[in-house]
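Results of the structural survey
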Amino acid sequence: MAVLTRPVVVALRDGLHARPAAQMVQLAKRFAATLEVERGGRRASARSAVKLMLLGVQERDEIVLHAEGEDAAEALEEMVAFVSTPGAGQEAPPRAMPAGGEREVAATPDADGRLRGTGASEGTAVGPAFAFFPEALPESPQMVPAEALPDELERHGAAVAAVNAALAHRHAAAVPGSEESAILAALLEVARDEELLADMRARIGRGIDAVAATLMAGRELAEGFERLEDPYLRARAEDVRSVARQIGLALLGRADAALEEVPHGAIILADELAAWDLARIPPGRLGGILCRQGGATSHLAIMARAQGIPAVLACPASVEALRAAHVVALDGRSGEVWLDPAPSVRETLAARIADERRAREALEELRDAPSVTRDGRAIQVAANLGAVAEIDAARRAGAEGVGLFRSEFLFLARRSLPDEQEQFTVYDTLARAFAPHAVVVRTLDVGGDKPVAGIDFPHEDNPFLGWRGLRMCLERPDVFKPQLRALLRAATAGNLRVMLPMVVEAEEVRAARTVIEECKAELKAEGVPHGDFALGIMIETPAAAFLAEELAREVDFFSIGTNDLTQYIMAADRMNPRVARLNRPDHPAVLRAIGAVCRAAKGAGIPVTVCGEAAAKPEMIPLLIGLGVDELSMSPASILQAKRSIRAL
Ligand code: PEP
Ligand code: MG
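Summary of the structure given here. (Residues numbered from 1 in each chain as written. Chains lettered and ligands numbered in written order. Predicted model: local features only at pLDDT ≥ 70, side-chain atom pairs only at ≥ 80, totals over all residues. Heavy atoms only, no water.)

Observations concerning the overall build of the protein
- Of regular secondary structure, the protein possesses 24 helices and 20 strands.
- Against the 2.2 N^0.38 benchmark of 26 Å for 649 residues, the protein shows a C-alpha radius of gyration of 28 Å, consistent with a compact globule.
- Oriented by its inertia axes, the alpha-carbon framework of the protein measures out at about 80 × 75 × 50 Å.
- Long-range pairs, those at least 24 residues apart, make up 68% of the contacts in the protein with a sequence separation of at least 6.
- Entry remark: accessible area of the protein is about 28200 Å², with carbon and sulfur atoms responsible for 52%.
- Treating the 73 positive side-chain charges of the protein as one cloud and the 92 negative ones as another, the clouds have centres 4 Å apart. (Helix = DSSP H or I, 4+ residues; strand = E, 2+ residues; numbered from the N terminus. Rg over C-alpha atoms; globule rule 2.2 N^0.38 Å. Contact = heavy atoms within 4.5 Å. Areas by Shrake-Rupley, 256 points an atom, 1.4 Å probe, with all protein chains shown as cover. Lys, Arg positive; Asp, Glu negative; His and termini not counted. Charge placed at Lys NZ, Arg CZ, Asp CG, Glu CD.)

Structure follows, in structure tokens:
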């Protein structure tokens, strides 16, 4: 049987963190081979996310991959590709500290009665105290006689299944793509971790009762995480402990205090609150969070920020002091905390809360407000999306349609091309979600830098100047036609538009139209319902900018991709930090090109969108609008700020 090893330098941004580790487990489970990762002489199974994370693998570390078994060679290739891809396995939750990060810890209140912890989620809160100090579960092992072990193992299996089912239920109920969903997925990963569960079972097998075996295995693993240097990985101890506790509670047939009953606006006081606990509190109920433990990179902190709940963690108050408090005030930016604050402090904080509320309301009011300049020019603000999971976030942010759907994300990181039906479902869902606003789908934009299973890209010295985007699609009708057919079918919704990437000349647009007409004729002959779509192009090459007048006669709209347009005009790689100084969309050369494109579009009577990163930059928005851009498209998180910038012009 093949036994293979391969040293490799890790390119994963942030190393083997929760999500990349979870994805590596998914990858490993597809193979029969035994797969292991070795770092600094320590080895972990690639089928255990927690053990992988415990290796503490960082970006640029050298690791050794081991594979043994029949499909070892194929498995090894995929593992190497995975750890060599910087963005593989979605990004880890934000690791940077928010403003007011780790602070000096003062053990006793100052003259104002003020303590300081770690500001973990911005915002000021004053509210009634809700003490949450659930009792510790019994970890003193009871010996189980040998004949009772099978029953004990079965009880444990049932408790694990119950916790898994409860987590899976909550995960299914969370908004797809939200922080909560990602965190629950990470907890689920721990609750399913083969090595952790095997460790619990092995302890039971040695005669220890299931509750103690579960808690001991969880504690040891959590302590392993706590010994790591990386603050993000250290915070994973919380996930392991809370999963072990949930299994322990299920074994005992108990539940933690009724968090569902937290009064409105209360500040929850705890030793340590798990993200799992927070997920049980109805949204909008909690006024604030104050814990004696925890850090700004914990899942709790990330979820608190996502829900806008002010939070201070690592507060040096004693349990007795917290239990005795009636009213609590905190500032989640500075980390300041007051237990039973004096009237003067409450007055100051009330003013701060009112200011924060006004600022928040002002921004949120813009969600449904028209994005119109003060002199009455309407500038539509749409969303850039890469998956249907992002639809809700875009709608919550008040997106007026989708200005760029990067369809390549449907093709990347999979073992075969998505078929027509799968693509149709995605485009149809998108079109219906935003109707009557327009949804612009960009046809496949990949090249040798982003390989796709099912398309053989030749080796190229300069893939950014090579066989990519529309060039590749026109030569691969087996790839292009299923996408165009899916788009024509989804076009019955009436608001779908299609744009072509990496265009350099009019002939390419005509060639694409010929393929579209062929697809229409096929669908008609097959009796498949379909519609028609407006066809536009991305302006992201200097050639397209120079030929804008000719191109404008061929298409229904332009969308300027400032990311590529800037890198090609300035000859400055958008990924290379050494030339970042030159990669500026506000450089006169780029602005002049944008101006010429807008004039050509006006002449032909077609609209112009900007869908590159520049569209979301407050300093670029006045320039783009001044040059004649009609619409801006950006990531959902930037939409409200952009609306504010537009309305101030
Ligand atoms: C662009 O080039 O500006 C653009 C929006 O496309 P992408 O970032 O996907 O290359
Ligand atoms: Mg581009």
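Some details on the sheet that holds strand β11 (residues 327-331)
- The strand order across the open sheet formed by eight strands is β5-β12-β11-β7-β8-β9-β10-β6, and the pairing between neighbours is mixed. Of all strands in the sheet, those bounded by a partner on one side alone are β5 (114-116) and β6 (118-121). Neighbouring strand axes in the sheet, compared pairwise and without regard to direction, differ in orientation by 30° on average.
- In this sheet, strand β8 (residues 267-270) lies alongside strand β7 (residues 124-132) in parallel orientation, the contact comprising four bridges. Paired with Ala129 across the two strands is Ile267, which belongs to β8.
- Seen against the sheet, helix α13 (residues 343-364) touches β7, β11 and β12 (336-339) and runs at an angle of roughly 110° to β7. (Pairing = 2+ DSSP bridges. Axes fitted to C-alpha atoms, helices over the stretch in contact; angles between N-to-C directions.)

Structural notes on the layout of surface pockets
- In this structure, the second largest pocket spans a volume of roughly 610 Å³.
- At the level of elements, α7 (210-226) and α9 (236-252) are the ones that each hand at least two residues to the lining of the second largest pocket.
- A per-element tally of the lining of the second largest pocket places α9 first, with six residues.
- Of the residues in the lining of the second largest pocket, the class split is nine nonpolar, four polar and 10 charged. (1 Å grid on protein atoms, 1.4 Å probe; cavity = no way out; pocket = protein on both sides within 12 Å on 5 of 7 lines; lining within 4 Å. Points joined across faces, edges and corners; volume = space filled by probe spheres on them. Nonpolar A, V, L, I, M, F, W, Y, C, P; charged D, E, K, R; others polar.)

Quick word on the sheet that holds strand β2 (residues 34-39)
- Read across the sheet, four strands follow the order β1-β4-β2-β3 without closing on themselves; strand pairing throughout is antiparallel. If you trace the sheet from one side to the other, it starts and ends with β1 (3-9) and β3 (42-45), each paired once. Taken pair by pair, the neighbouring strands of this sheet meet at an average axis angle of 25°, ignoring direction.
- With five bridges connecting them, β2 and strand β4 (residues 62-68) associate as antiparallel partners. By the bridge assignment for β4, Leu35 is matched with Ala67.

Regarding the coordination of the magnesium ion (ligand 2)
- Those donors, Glu540 (OE) and Asp564 (OD), are the protein atoms that reach the magnesium ion (ligand 2), and they lie 2.0 to 2.3 Å from it. Here Glu540, found in the loop between β17 (534-539) and α19 (542-546), pairs with Asp564, found in helix α21 (residues 562-570); they are 24 residues apart in sequence, far enough to count as distant. Each member of the pair, Glu540 as well as Asp564, carries the same accessibility label: buried. (Donors = N, O, S within 2.8 Å, 3.2 Å for Na, K, Ca; no water. Buried < 20%, exposed > 50% of the residue type's maximum accessible area, 1.4 Å probe, protein only.)

Brief notes about the site of ligand 1
- Around ligand 1, the neighbouring residues are Leu404, Arg406, Arg442, Met538, Glu540, Gly561, Thr562, Asn563, Asp564, Arg574, Cys611 and Gly612.
- In the model, an oxygen atom of ligand 1 is placed 3.2 Å from a nitrogen or oxygen of the Glu540 side chain.
- Top contributing element to the shell around ligand 1 by residue count: α21, with three residues.
- By residue class, the composition of the shell around ligand 1 is three nonpolar, four polar and five charged. (Near = heavy atom within 4 Å. Polar contact = N/O pair within 3.5 Å; in protein donor to acceptor, adjacent residues only side chain to side chain.)

With respect to the packing of helix α15 (residues 420-434) against helix α17 (residues 477-490)
- Where α15 contacts α17, the two axes come as close as 8 Å, and the packing angle between them is 40°. It follows that α15 is oblique to α17 by the angle criterion. The handedness of the crossing between α15 and α17 comes out as right-handed. Taking contact as the criterion, the partners of Glu420, Gln421, Gln423, Phe424, Tyr427 and Asp428 in α15 are, on α17, Pro482, Gln483, Arg485, Ala486, Leu487, Arg489 and Ala490.
- Partitioned by chemical class, the residues of the contact of α15 with α17 number six nonpolar, three polar and four charged. (Parallel < 35°, antiparallel > 145°, perpendicular 65-115°, else oblique. Left-handed = near helix turned anticlockwise from the far one by under 90°.)

Observations concerning the packing of aromatic side chains
- Scanning the model with the defined rule gives two aromatic pairs in all.
- Seen from their ring centres, Phe405 and Tyr427 are 6.5 Å apart, and the 80° between their planes marks the pair as edge-to-face. Linking Phe405 in strand β14 (residues 402-406) with Tyr427 in helix α15, this pair joins segments that are 22 residues apart in sequence.
- We classify Phe405 as buried; its relative accessible area is 0%. (Phe/Tyr/Trp six-rings, centres within 6.5 Å; stacked < 30°, edge-to-face > 60°.)

Section: the side chain of Ser645
- Here Ser645 shows up in helix α24 (residues 639-647).
- Judged by relative accessible area, which is 18%, Ser645 ranks as buried.
- When near neighbours in sequence (up to four residues on either side) are disregarded, Ser645 contacts Pro618 and Ile621.

Quick notes on unusual backbone geometry
- Between Ala435 and Pro436 the backbone carries a cis peptide bond, its omega angle lying at 5°.
- Topologically, Pro436 is positioned in the loop between α15 and β15 (439-442).
- Of note, the phi angle at Met502 is positive, near 60°, even though the residue is not glycine.
- Within the fold, Met502 resides in the loop between β16 (496-500) and α18 (506-526).

Observations regarding the nonpolar core
- Core analysis: the largest hydrophobic core is formed by 88 residues, its most contacted members being Leu385, Phe405, Tyr427, Phe434, Ile537, Phe558 and Leu632.
- It is helix α22 (residues 588-604) that provides the largest number of residues to this core, a total of eight residues.
- Setting aside its immediate chain neighbours within four residues, Ile537 contacts Met499, Leu500, Val503, Val509, Leu551, Val555, Phe557, Phe558 and Ser559.
- Counting 72 residues, the second-largest nonpolar core is a separate cluster that includes Leu16, Leu55, Val163 and Leu249. (Core = buried A, V, L, I, M, F, W, Y, C linked by side-chain atoms within 4.5 Å.)

Describing the pattern of salt bridges
- Evaluated as defined, the whole model comprises 43 salt bridges.
- Across the salt bridge formed by Asp445 and Arg468, the nearest N and O atoms sit 3.6 Å from each other. Taken together, the residues Asp445 in the loop between β15 and α16 (469-475) and Arg468 in the loop between β15 and α16 connect sequence positions 23 residues apart.
- Of the residues examined, Asp445 reaches a relative accessible area of 3% and is grouped as buried.
- Among the residues examined, Arg468 registers a relative accessible area of 3% and is labelled buried.
- Lys481 is the salt-bridge partner of Glu518, the closest N and O atoms lying 3.3 Å from each other. Placement of the pair is Glu518 in helix α18 and Lys481 in helix α17, with a sequence separation of 37 residues. (Salt bridge = Lys/Arg side-chain N within 4 Å of Asp/Glu carboxyl O.)

Considering the environment of Val504
- Relative to the elements of secondary structure, Val504 occurs in the loop between β16 and α18.
- Along the backbone, Val504 and Glu540 are 36 residues apart, and their C-alpha atoms lie at a distance of 8.6 Å.
- Ignoring anything within four residues of it in the chain, the contact list for Val504 reads Arg471, Thr541, Ala543, Ala544 and Leu547.

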